[in-house]
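Residue-level structure breakdown
Each chain, written out:
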Amino acid sequence: MEKLDFTFRCSGERVESAAVSVLVGVVSSGNLEVFIEKGGDPSCCRVEVATSHGGFERAWRTLFADFLFQYDLSGYAIWINDAGAVPAVVKLRLHQAVEELMEKGR
Amino acid sequence: MNSRGMRPPLYSCADARKLLAHLLDQGSFIEFCGPRERIANPHLAALNVPMSFDDGVAVGAGMLNGTEVYCAAQQGAFIGGAVGEIHGAKVTGLLERARERKPGAFLFLIDSGGVRLHEANAGLIGISEMMRALLDLRASGVPCIGMIGGREGAFGGMGILARCCDHVIMNEHGRLGMSGPGVIENVMGVEEFDAGDRAMIWRTYGGKHRYLIGEADCFVDDSLEAFRSAAAALMSARTQITAQSLGAGQRDLEGRYGAFRACTDAMEIWRALGIERPEEVQLLSTADFLRVAAGRKGVPAAPQGPMEAGREKEARSPAILARLFPAGHRCEVRRGVITGRAVCAGREIAVIGTTNHTTIDIPMSLRLSAHVLATVESAPGMPIVMLVDCAGQQLSREAELLGINGYFAHLLKCLHHARASGHHLVSVVYGKALSGAFLSFGLMGDQVYGITGSEVGVMKLSAMARVTKISERQLRRLGETSAVFAPGMENFMRLGGNQEIWTAEGEVEDRLAAALRVADRDDRRRALGAERGGRTLARMVAEKVKADVAREMSR
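Every residue gets a number counted from 1 within its own chain, in the order that chain's sequence is written. Both sets of labels track the order of writing: A upward for chains, 1 upward for ligands. In keeping with the model being predicted, local features are shown solely for residues with a pLDDT of at least 70 and side-chain atom pairs are shown and tallied solely at 80 or more, while totals for entire chains, interfaces and linings include all residues. Excluding hydrogens and water, the side-chain values take into account all heavy atoms of the structure.

Residue and element names in this part refer to chain B. As used here, the term nonpolar core means buried Ala, Val, Leu, Ile, Met, Phe, Trp, Tyr and Cys residues forming a set that is joined through side-chain atoms within 4.5 Å. The rule is simple: take the accessible area with a 1.4 Å probe, protein chains only, and divide by the maximum for that residue type; under 20% is buried, over 50% is exposed, in between is partly exposed. Grouped together as the largest cluster of nonpolar side chains are 138 residues, with contacts concentrated most on Phe106, Phe108, Ile269, Leu415, Phe438 and Phe441. Each helix is a run of DSSP H or I of at least 4 residues and each strand a run of E of at least 2, with the numbering of both proceeding from the N terminus. At 11 residues, helix 4 (residues 120-139) tops the list of elements feeding residues into this core. Any two residues whose heavy atoms approach within 4.5 Å are treated as being in contact. Not counting chain neighbours up to four residues away, the residues in contact with Phe441 comprise Ile352, Gly353, Thr354, Ile360, Met386, Leu387, Val388, Cys390, Leu411, Leu415 and Ser427.

Okay, here's the thing in structure tokens:
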């Protein structure tokens, strides 16, 4: 198990939602759960990852930098439990989470 | 159609929260002790296995056609939906709260292989707590509806628990049983059960077969709407556990065993039930299948032939009987099962139990339940002592074909009925107490006592290592620091699984006499586990669920 902790300054499309939190995905082989919750520093987005596959810190960092360049999730925290998802699946889940967050809070 | 104009997902493909969102009235689901709590799971962390924020189960309340219902949905994709300490405590906490608040029904969306081996004994006790809480909830008048339609099915302890519900709804994908095909193949060999033969797996455990033999009450399409309307229809049909219903259940189960014990494949059973072309059953659509099954479901009336062939009464009675009951006993010991009466502290008591590290099969389970029912009928209020020495349940395709989990659930219901009728249940573990067989009677005791040297748990460490793919060495090392993995009665006691340990040399008959004077009938295992430091999360989580119910539902 490896725990990673990042903080990002965001740019891009501002995510506005009345919903407090959203959970998508399931922790199972090659999959992950993404939990996004409102709270914390309003000027940035905090990301915490627990992954069964260590040694990919740079890949995670690049992925989030890219995603948070697209969506502005300042004032939110992203929590991830990962069981070895490939980057494409991680990206998919993050998009799904943001989409559900916006839909839920409409 | 939902707001995005998409079709709702199939029941078998949806995850726990999707299921609840579609099954309940739109937007009505309120989750208790949800993922926001992010309760860390120390057992999985110790094994380097990633945890999940909800520990694989969503519990909460919602509306079904305008009636308030409580519900729990297991996340099959997360470690096979298996029950660990937090997972079990979330469900137990909600079941206990439901007993006070009396919602219209309790819906249990089951998708689980049973005990989470990564949490071994903590999971075993967790399932036992769920069983007691569920049977108590039923007794309080709230109907419990089990739904099995996901990929994991309902196996092990969850297979028993499913059959403790008032009603079971299944679809074609759902599987219900005790030992899964993989376990049977692993232990008994591929000749017993070829776990790669998917058609045979579904013929044995699948929804259609379970419906035909009476293990499932409702067979529906793989759609959320079908499950939803079936649940709504069953909500008003509460079934009570009474002496009459249990007597009828005993006769039905004996009838099923008598009629189909010689069958080696489900198709023989279907033919015996009067289905002309059994080979076509698995191809039939739901509507066609229900038409074919109409009037044929269930069991022939009378048992055929003797229930148990073979060995007569054993000449030597186990030493434990003489040690516990020096004042005398009239116990019959036959094929590993003890039934009878004994005298303890000048008082007559009923005895059921197992001996010789036996594995419990269907006729043995039936004899145990018959003795419990006979005791309730003929000797109101007489304490029942359960002597536990069993190495597990019979692992065979035939036992699964007949639904051995349903027989175990019946035994549990009989014990529940005995407790509710004022019988004190005391368990004494004096040999092995392993897995499903332990769940089906010993763990149902008001108090459980152990004699030193007894072996308790889910399964052997070597088997556990095979299933979890964690080396036996690592498991053994963890056992040195964590009571959850460690074998032996002492560690089981730290988890709150048993009351106390009696030393082999001690005056066990005095200890039993004292145990029979204990008046407490509440399930104290969570509190004991927390006080003794072996299982600290269960109580906290159950209390958290209860606090959430109080807060959310008073709004």
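Residues and elements named next belong to chain B. Buried and open spaces are told apart on a 1 Å grid over the protein atoms alone, a cavity being a set of points where a 1.4 Å probe fits but cannot get out and a pocket being an open set with protein on both sides within 12 Å along at least five of seven lines. Residues with an atom within 4 Å of a point are the lining residues. Grid points are joined across faces, edges and corners, and a volume is the space filled by probe spheres set on the points. Within this structure, the stated rule accounts for one cavity of 30 Å³ or more. There is about 40 Å³ of room inside the largest cavity. Lining the largest cavity are Cys33, Gly34, Glu37, Ile39, Phe53, Asp54, Asp55, Ile86 and Lys90. Gly falls in the polar group here, along with every residue not listed as nonpolar (Ala, Val, Leu, Ile, Met, Phe, Trp, Tyr, Cys, Pro) or charged (Asp, Glu, Lys, Arg). For the lining of the largest cavity, the per-class residue count stands at four nonpolar, one polar and four charged.

This paragraph deals with the sheet that holds strand 5 (residues 45-51) of chain A. By way of backbone hydrogen bonds, the strands of a sheet pair with one another, either parallel or antiparallel. All names here are of chain A. What the five strands build is an open sheet, ordered 1-5-7-4-3; its pairing is mixed. If you trace the sheet from one side to the other, it starts and ends with strand 1 (2-8) and strand 3 (21-24), each paired once. Direction aside, neighbouring strands of the sheet carry axes that sit 10° apart on average. Summarising the sheet, strand 3 and strand 4 (residues 32-38) pair through four bridges and their orientation is antiparallel. Bridge pairing in strand 4 links Val22 to Ile36. Paired strands are those between which DSSP finds at least two bridges. To get an axis, a line is fitted to the C-alpha atoms, and for a helix only the part in contact is used. The angle between two axes follows their N-to-C directions and goes from 0 to 180 degrees.

Attention now moves to the sheet that holds strand 7 (residues 218-219) of chain B. Residue and element names in this part refer to chain B. Strand order across the open sheet formed by seven strands is 1-2-3-4-5-6-7, with mixed pairing between neighbours. Each edge of the open sheet is held by one strand with a lone partner, namely strand 1 (30-32) and strand 7. Direction of pairing for strand 4 (residues 105-110) relative to strand 5 (residues 144-148): parallel, over a ladder of five bridges. The residue of strand 5 that forms the bridge with Ile110 is Ile148.

A few words on the layout of surface pockets. Residue and element names in this part refer to chain B. Computed from the structure, the second largest pocket encloses a volume of approximately 1400 Å³. Together, 42 residues line the second largest pocket, and Gly113, Leu117, Val183, Met459 and Val467 are the ones closest to its centre. Every element with two or more residues in the lining of the second largest pocket is listed here: helix 5 (156-162), helix 6 (181-188), strand 12 (384-393), strand 13 (425-434), helix 17 (435-440) and helix 18 (461-468). Here the element with the most residues in the lining of the second largest pocket is helix 6; it accounts for five residues. In terms of residue class, the lining of the second largest pocket is made up of 18 nonpolar, 17 polar and seven charged. No fewer than three residues from each of domain 1 (11-176 + 215-240) and domain 2 (319-523) sit in the lining of the second largest pocket. The source of the domain bounds is an automatic or database domain assignment.

Right, let's get into the interface of chain A and chain B. The interface is formed by 19 residues belonging to chain A together with 19 residues belonging to chain B. Here chain A meets chain B over a buried area of about 1600 Å², counting both sides, of which 55% is carbon and sulfur. Should a side-chain nitrogen of Lys or Arg be within 4 Å of a carboxyl oxygen of Asp or Glu, the pair is scored as a salt bridge. One can count two salt bridges joining chain A with chain B. Across the pair Arg36 of chain B and Glu37 of chain A runs a salt bridge whose closest N-O atoms are separated by 2.7 Å. Where the side of chain A that touches chain B is concerned, the elements lending two or more residues are strand 3, strand 4, strand 7 (76-82) and helix 2 (87-104) of chain A. A total of four residues in the side of chain A that touches chain B trace back to one element, the largest contributor, which is strand 7 of chain A. A per-class count over the side of chain A that touches chain B returns nine nonpolar, four polar and six charged. Two parts lose some accessible area (1.4 Å probe) when they are put together, and adding that loss for both gives the buried area.

Before going further, it helps to spend a moment on the domain arrangement of chain B. Residues and elements named next belong to chain B. Once the domains are mapped, chain B shows domain 1 (11-176 + 215-240) and domain 2 (319-523). For domain 1 and domain 2, the distance between their C-alpha centres works out to 26 Å. Counting residues at the interface gives 29 residues for domain 1, matched by 37 residues for domain 2. Put simply, domain 1 and domain 2 have one salt bridge between them. Asp446 is the salt-bridge partner of Arg132, the closest N and O atoms lying 3.9 Å from each other. Definition of a polar contact: a pair of N or O atoms within 3.5 Å, with one able to donate and the other able to accept a hydrogen when the atoms are protein atoms, and with sequence-neighbouring residues admitted only if both atoms are side-chain atoms. Inspection of the domain 1/domain 2 interface yields six residue pairs in polar contact (both at pLDDT 80 or more).

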